[in-house]
Amino acid sequence: MAFNKTPKEFRDLVRPDRVHRDVYLDREVFRDELRRIHGRAWLYVAHESQVPSAGDFMTTAMGVTPVVVVRHKDASIRVLRNRCGHKGAAVVGKRCGSAKSFRCMYHGWTYDTDGSLQAVPQRKAYDGTEIDLNDPAHGMTPAPRVGTYRGFVFASFAAEGPELETFLGPTTTALDNIADRAPDGEVEVVGGPFRLIQRNNWKMVIENLNDLMHPMVVHISSTEAAEQEEAELPEGQKPPPEIPLLTSNGWSYDFWNGLRVVCCEYGHSLMGAINTPPDTDPVFVEYADVLEKRHGPHRTDEILSYPSVMALVYPNISLHTSYQQLRVIHPIDVDRTLLEVWTFRLKGAPEGMYRRCRSYANLVNSPSSIGNADDVEAFMRVHRGLENDTMEWISQHRNVGQDQQTNEGVVAVPGTSELPMRNHFKAWLAYMTEEQGNGR
Amino acid sequence: MVARAQVDLGEIEQFLFKEAMYLDRGLYDEWLDLFADDGLYWVPAAPEQEDPYNHVSLYFEDKILRQMRVRRLRHEQAFSLQSPVRASRILGNVLLEGVDDDSGVCRVRSTFHMLELQFGEQQTYGGSYTHELMPVADSYKIKLKRVDLINCDAPLDIMQAFL
């Protein structure tokens, strides 16, 4: 497969402590990323609860490639390229549904739910021609590898590479935790997601997820709005949960320095918990009781005090454990990114627990979020500002040389170190330069 | 008992036009004051969304959250508002859907089209408003303002002010 740039050219874009602006701006680099990163890595595509029965399907994209996630007759989940083997039309037009087979609306080519070509109208017309309709290439070619971890479905366009669990590494503990928080041991997707368009390169979204130097600066308007609101609450009125969630962005550098950020292989990371005071919300107390009846006090405490609030699985998801939501980062173009935010219900938990998840999502992840508006503004300004010819290199020098090697991975010292960005680009460079590269 | 015939539709229309004008002109104190203390502002994230509790919403704001948004809209360091947000909306097709016998609360549906300047670019929004208006003295208070955007489940840009 031909790429726009050579391995040497990619190596020239990434130094241990800085990256060249072309990694964000150059459309040729972007096209190569889609093939070399999104074309190989394990990407989150769906949750099992979205396709519970045979024939259930939903559409999404891996990189910019449209795919259909479908439950086949044998109960396995298949991820098919959403394109007809004839002229390339997207076969499935609906966002989700249920079907026995998929029929292209253009010339009626029909596919089984494993992607194989079942029927072609006037098939005899192809007799004696050079096309072989039995060749799997004329099907809705499936992703060769699909894997599920605790209900979270991942797929890879590469036939070979690390096993899913090897790839996930320590981030499996975050996927475990989100499922373990459900008394029944599994979560289910609730409804549709938020879909937010951002005018910046996809990597800027990922970098911000672990950027602990920005909250007190970027979010000052929403932090202070919440502080003012709290100050003017009538005497004795308890502030709603939204207020501490916003005011915590204004906490001191000392606080953020103390957060534990673990950077793992393949570009992943785990970020330490932010709010850990004992939760006195009656809904939470009732929920904790339900969990304790299932697991006993020791295991319950272990689940609820799991130390990572956010996990990044590079290159396409960020998972919030204690509020059960998942952000999917879809690259659209070199300067355009779509963020999808899905919420989950903890099976077996009191219904009020979903309301906590939902109100956090509305506050933090909605397109109308008064916090996120300033993040998106920052990404857009970075993307625009980089067009300036006088600055070719972007610094990632903060706390270079202070990283701490542990069994779980490399720990950022202090929490505000730019180690996570350096870690992303270590994986990025491996994907971009090695023939068998898988971000390790 | 409030009969539908007793409701002055002209008065209701004037109320809705005034509300739209407050938002277009950024007169947020006046706008906040149109709501009942327990009034809700709700923008569903899914078409035909049944309630704001069992699904995420683009906005679901009570008095405190509305006030907080207004404080941020006025904050000197709301960086994403340095390119100002300006809006212009037109609403029509005002339809009285029902009047609650006991409380006199009127349920009013209308259609709106709206332009908004955001990040220096013009956005368009459209859909329907559903207002639940509680009669008070010589006017109404908003118990519920529901905004159903026709593109509520499509990819959206950041939204900062109220629809």
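This is a predicted model, so every value here is computed, not measured.

S.K.: Which parts of the structure should I look at to understand the sheet that holds strand S2 (residues 57-61) of chain B?
M.R.: Across a sheet, paired strands are connected by hydrogen bonds in the backbone, their directions being either parallel or antiparallel. Residues and elements named next belong to chain B. With respect to topology, 6 strands assemble into an open sheet ordered S2-S1-S6-S5-S4-S3, the strand pairing being mixed. At either end of the open sheet lies a strand with only one pairing partner, and these are S2 and strand S3 (86-99). The average undirected angle you get between the axes of adjacent strands in this sheet is 20°. As paired elements, strand S5 (residues 121-136) and strand S6 (residues 139-149) share 10 bridges and run antiparallel to each other. Looking at the pairing, Val-136 lines up with Ser-139 of S6. This element, helix H1 (residues 9-24), spans S3, strand S4 (106-118), S5 and S6 of the sheet and lies at about 155° to S3.

S.K.: In this structure, what is going on with the domain arrangement of chain A? I would like to understand it.
M.R.: When the parts come together, some accessible area is lost, and that loss is often what is quoted as the size of the interface. All names here are of chain A. Examined at the domain level, chain A breaks down into domain 1 (43-149) and domain 2 (165-433). A separation of 34 Å is found between the C-alpha centroids of domain 1 and domain 2. Remark: the boundary between domain 1 and domain 2 carries 0 salt bridges. For the side of domain 1 that touches domain 2, the elements supplying multiple residues, two or more each, are strand S3 (43-47) and strand S4 (56-62). Sorting elements by how many residues they give to the side of domain 1 that touches domain 2 places S3 first, with 3 residues. Partitioning the side of domain 1 that touches domain 2 into residue classes produces 5 nonpolar, 5 polar and 1 charged.

S.K.: Please explain the pattern of salt bridges as it appears in this structure.
M.R.: A side chain with one charge may pair with a side chain of the opposite charge, provided their charged atoms come close. Inspection of the entire model under this criterion finds 39 salt bridges over all chains. One salt bridge connects Glu-186 of chain A with Lys-347 of chain A, and the closest N-O pair in it is separated by 3.0 Å. Here Glu-186 of chain A is found in the loop between helix H5 (172-180) and strand S13 (187-189), whereas its partner Lys-347 of chain A is found in the loop between strand S20 (336-346) and helix H12 (352-364), with 161 residues between them in sequence. Accessibility expressed as a relative area gives 38% for Glu-186 of chain A, which makes it partly exposed. Salt-bridge contacts for Glu-232 of chain A lead to Arg-71 of chain B; the nearest nitrogen and oxygen are separated by 3.3 Å. Here Glu-232 of chain A is found in the loop between helix H8 (220-231) and helix H9 (242-247), whereas its partner Arg-71 of chain B is found in helix H3 (residues 63-73) on a different chain. A relative accessible area of 57% places Glu-232 of chain A in the exposed class. A network of salt bridges, in which partner residues are shared, links Arg-150, Asp-176, Asp-180, Arg-299 and Glu-302 of chain A.

S.K.: Even after reading the chapter, I still don't get the sheet that holds strand S6 (residues 77-81) of chain A, so can you show me in this structure?
M.R.: Residue and element names in this part refer to chain A. Read from one edge of the open sheet, 4 strands run S6-S5-S4-S7, paired in antiparallel fashion. At either end of the open sheet lies a strand with only one pairing partner, and these are S6 and strand S7 (96-98). Averaged over all pairs of adjacent strands, the angle between their axes in this sheet comes to 30°, without regard to strand direction. Here 5 bridges tie strand S5 (residues 65-71) to S6, and the two strands are oriented antiparallel to one another. Residue Val-69 lies in a different strand from S6, and its bridge partner there is Val-79.

S.K.: Looking at this model, I keep getting lost on the interface of chain A and chain B. Mind explaining?
M.R.: The partner chain B presents 34 residues to the 47 residues of chain A that form the contact. Its largest share of buried area at the contact with chain B, chain A owes to Arg-199, Glu-229 and Ser-368 of chain A, together 17% of the area lost on that side. Across the pair Arg-71 of chain B and Glu-229 of chain A runs a salt bridge whose closest N-O atoms are separated by 2.5 Å. The interface formed by chain A and chain B contains 25 residue pairs in polar contact (both at pLDDT 80 or more). Secondary structure elements with two or more residues in the side of chain A that touches chain B: strand S14 (194-198), helix H7 (215-218), H8, H9, S20, H12 and helix H13 (372-385) of chain A. Taken together, the residues of the side of chain A that touches chain B break down into 21 nonpolar, 11 polar and 15 charged.

S.K.: Explain unusual backbone geometry here, please?
M.R.: Residues apart from glycine generally show negative phi values, whereas peptide bonds are mostly found in trans. For the bond running from Tyr-314 of chain A to Pro-315 of chain A, omega is 10°, close enough to zero to count as cis. Of note, the amide linkage connecting Val-413 of chain A to Pro-414 of chain A takes the cis form, showing an omega dihedral of -10°. Among the structural elements, Pro-414 of chain A can be located in the loop between strand S23 (410-411) and helix H14 (419-433). The backbone of Gln-122 of chain A sits at a positive phi, close to 50°, despite the residue not being glycine. Relative to the helices and strands, Gln-122 of chain A is located in the loop between strand S10 (117-119) and strand S11 (145-149). Even without being a glycine, Glu-48 of chain B presents a positive backbone phi close to 60°. Along the chain, the position of Glu-48 of chain B falls in the loop between strand S1 (35-44) and S2.

Analysis parameters
- Residues numbered from 1 in each chain as written.
- Chains lettered and ligands numbered in written order.
- Predicted model: local features only at pLDDT ≥ 70, side-chain atom pairs only at ≥ 80, totals over all residues.
- Heavy atoms only, no water.
- Pairing = 2+ DSSP bridges.
- Helix = DSSP H or I, 4+ residues; strand = E, 2+ residues; numbered from the N terminus.
- Axes fitted to C-alpha atoms, helices over the stretch in contact; angles between N-to-C directions.
- Contact = heavy atoms within 4.5 Å.
- Domains from an automatic or database assignment.
- Salt bridge = Lys/Arg side-chain N within 4 Å of Asp/Glu carboxyl O.
- Nonpolar A, V, L, I, M, F, W, Y, C, P; charged D, E, K, R; others polar.
- Buried < 20%, exposed > 50% of the residue type's maximum accessible area, 1.4 Å probe, protein only.
- Buried area = accessible area lost by both parts, 1.4 Å probe.
- Polar contact = N/O pair within 3.5 Å; in protein donor to acceptor, adjacent residues only side chain to side chain.

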